[in-house]
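# Summary of structural features
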Amino acid sequence: MVKGELSFSYRLLLLCISAFLRTFFILFGEMQDAHMEVRYTDIDYSVYSDAAALMWKGRSPFERDTYRYSPILALLLVPNVILHRCWGKFLFSAADLLVGHIIHRILRLRGIQEDKCVAYMAIWLFNPFTFTIATRGNCEAIACCMILWVLHCLLTRRVVEAAIWYGVVVHFRIYPIIYAMAILVVLDNEYPKTIVVGQRLSKKLLEPHKQGQFHTKDRDGCWSTIVRLLNRNRILFGIVSAMVFFILSGLSYACYGSKFLHESLLYHLTRTDPRHNFSIYFYYIYLHHDYAFTLLERLLSFLPQFLVQFMFTLFFAKDLQFCMFAQTVAFVAFNKVLFLTFIP
């Protein structure tokens, strides 16, 4: 009991120090923006704030050039207009702190020792890369928080809640759609045992093959195989998450029309940007940017991405945390625009 109280006190101390550190950087950023040529604040934060100001005036946030996010983000930042322009930075930093707390809870659910859980929590909280992103005004901490909460819900057998938050986060930032297949694989008839234990699907695939259990024709027939695949948890997760996504997207479309569909969703399928020179596609895009890319060229760039995501899902989905990490790294590596913010 005493050890648990000490651990709680230490975690609370880490969170307080981390909150102070983030507050300092937000205030320092305000000073740097006011007195130095190079601004501390992320240019995207200005986009969010302008979109929020437009929404506060009853106009569309998509009237702001380069605003390509969910209207929910602009709504969350309306206090930037009402209260103070730093509201969003504090909101993103609070989400960043919550990520550290959820990391600790997930690791404990996985059976990791308390001292190691606290150490990994501290690595996130004091990682200069992550807290700088949040304090400069990047919204990715909110998406990370929701994704980790989906994991936490799955580990604690709350499939419906996980599905709700997954639908929200895919609407909020479209890229978490890459985790859908891995989550559905985990929700098999052995769930939740496999997700807690963390078995890897590669072993599950190889063992039956060695034992000669794979046959050309399943003795139970095709129908029983389909029934096993379409179990209650998979159907529930798929229906609920899809409903949440389409309800939020439908409301956004009703308010802002086709502009929402193009800027928030469809744009990311065909995006080309010659300025993000860490992408493996950068040089080709740079050389051909003055020419119009065909729709086929834009979509073909997703083929390597899809193949890599499929292979990671096939072999590692039962170790969902590791699989999602590997999928994220692959998503960054094969993306047309390289976002290093996803990796931490």
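Residues numbered from 1 in each chain as written. Predicted model: local features only at pLDDT ≥ 70, side-chain atom pairs only at ≥ 80, totals over all residues. Heavy atoms only, no water.

### A word on the pattern of salt bridges
One pass over the structure, following the stated rule, counts 12 salt bridges. The partner of Arg-11 in a salt bridge is Glu-114, with the nearest N and O atoms 3.1 Å apart. Highlighted residues: Arg-11 in helix H1 (residues 2-35) and Glu-114 in helix H6 (residues 114-125), separated in sequence by 103 residues. Exposure class is identical for Arg-11 and Glu-114. Each is buried. (Salt bridge = Lys/Arg side-chain N within 4 Å of Asp/Glu carboxyl O. Helix = DSSP H or I, 4+ residues; strand = E, 2+ residues; numbered from the N terminus. Buried < 20%, exposed > 50% of the residue type's maximum accessible area, 1.4 Å probe, protein only.)

### Points about the environment of Ile-239
Mapped onto the elements of the fold, Ile-239 is located in helix H14 (residues 232-256). Here Ile-239 falls in the partly exposed class, since its relative accessible area comes to 48%. Separated by 72 residues in the primary sequence, Ile-239 and Gly-167 have C-alpha atoms spaced 9.9 Å apart.

### A closer look at the nonpolar core
Of all hydrophobic cores here, the largest spans 72 residues; its most connected members are Tyr-48, Tyr-67, Leu-73, Phe-92, Tyr-166 and Ile-183. Of the residues forming this core, the biggest block, 14 residues, is contributed by helix H8 (residues 140-155). (Core = buried A, V, L, I, M, F, W, Y, C linked by side-chain atoms within 4.5 Å.)

### Some details on the packing of aromatic side chains
Scanning the entire structure with this criterion turns up 16 aromatic pairs. An angle of 85 degrees between the planes, with centres 5.6 Å apart, marks the rings of Phe-24 and Phe-25 as edge-to-face. Looking at Phe-24, the relative accessible area reads 45%, which means it is partly exposed. Geometrically, the ring pair formed by Tyr-48 and Phe-92 is edge-to-face, given 6.1 Å between the ring centres and 90 degrees between the ring planes. (Phe/Tyr/Trp six-rings, centres within 6.5 Å; stacked < 30°, edge-to-face > 60°.)

### A word on a nonpolar patch on the surface
Among the surface-exposed residues, Met-181, Leu-303, Phe-306, Leu-307, Phe-310, Met-311, Leu-314 and Phe-315 lie close enough to one another that they form a single nonpolar patch of about 690 Å² accessible area. Ranked by the residues each element gives to the nonpolar patch, the list is headed by helix H18 (residues 302-316), at 7 residues. Within the secondary structure layout, Met-311 lies in helix H18. With relative accessibility at 39%, the residue Met-311 sits in the partly exposed group. (Patch = residues over 30% accessible without salt bridge, like charges linked within 9 Å, V, L, I, M, F, W, Y side chains within 5 Å. Areas by Shrake-Rupley, 256 points an atom, 1.4 Å probe, with all protein chains shown as cover.)

### Remarks on the side chain of Thr-130
Along the polypeptide, Thr-130 turns up in helix H7 (residues 128-135). Accessibility expressed as a relative area gives 5% for Thr-130, which makes it buried. Within the structure, the side chain of Thr-130 is placed 3.1 Å from the backbone oxygen of Trp-124, a separation counted as a polar contact. (Polar contact = N/O pair within 3.5 Å; in protein donor to acceptor, adjacent residues only side chain to side chain.)

### Let's talk about helix H19 (residues 320-334)
An ideal rise of 1.5 Å per residue puts 21 Å on 15 residues; H19 measures up with 21 Å between its terminal C-alpha atoms. Those residues of H19 lying buried are Leu-320, Gln-321, Cys-323, Met-324, Ala-326, Gln-327, Thr-328, Ala-330, Phe-331 and Val-332. (Expected span 1.5 Å × (residues − 1).)

### Re empty space enclosed by the protein
Scanning the entire structure with this criterion turns up 3 cavities of 30 Å³ or more. Reported here for the second largest cavity is a volume of approximately 40 Å³. As for the second largest cavity, its lining consists of 11 residues, of which His-171, Phe-172, Arg-173, Ile-174 and Ser-264 are closest to the centre. Elements that contribute at least two residues to the lining of the second largest cavity include exactly helix H9 (159-172) and helix H15 (258-270). For the lining of the second largest cavity, the class distribution of residues is 5 nonpolar, 4 polar and 2 charged. (1 Å grid on protein atoms, 1.4 Å probe; cavity = no way out; pocket = protein on both sides within 12 Å on 5 of 7 lines; lining within 4 Å. Points joined across faces, edges and corners; volume = space filled by probe spheres on them. Nonpolar A, V, L, I, M, F, W, Y, C, P; charged D, E, K, R; others polar.)

### Structural notes on unusual backbone geometry
Residue Thr-66 is not a glycine yet carries a positive backbone phi of 70 degrees. Inspection of the secondary structure assignment puts Thr-66 in the loop between helix H2 (43-56) and helix H3 (71-76). Judged by its relative accessible area of 41%, Thr-66 is partly exposed. Residue Arg-157 is not a glycine yet carries a positive backbone phi of 65 degrees. Tracing the backbone through its elements, the reader meets Arg-157 in the loop between H8 and H9. Arg-157 gets classed as exposed once you look at its relative accessible area, which sits at 62%.

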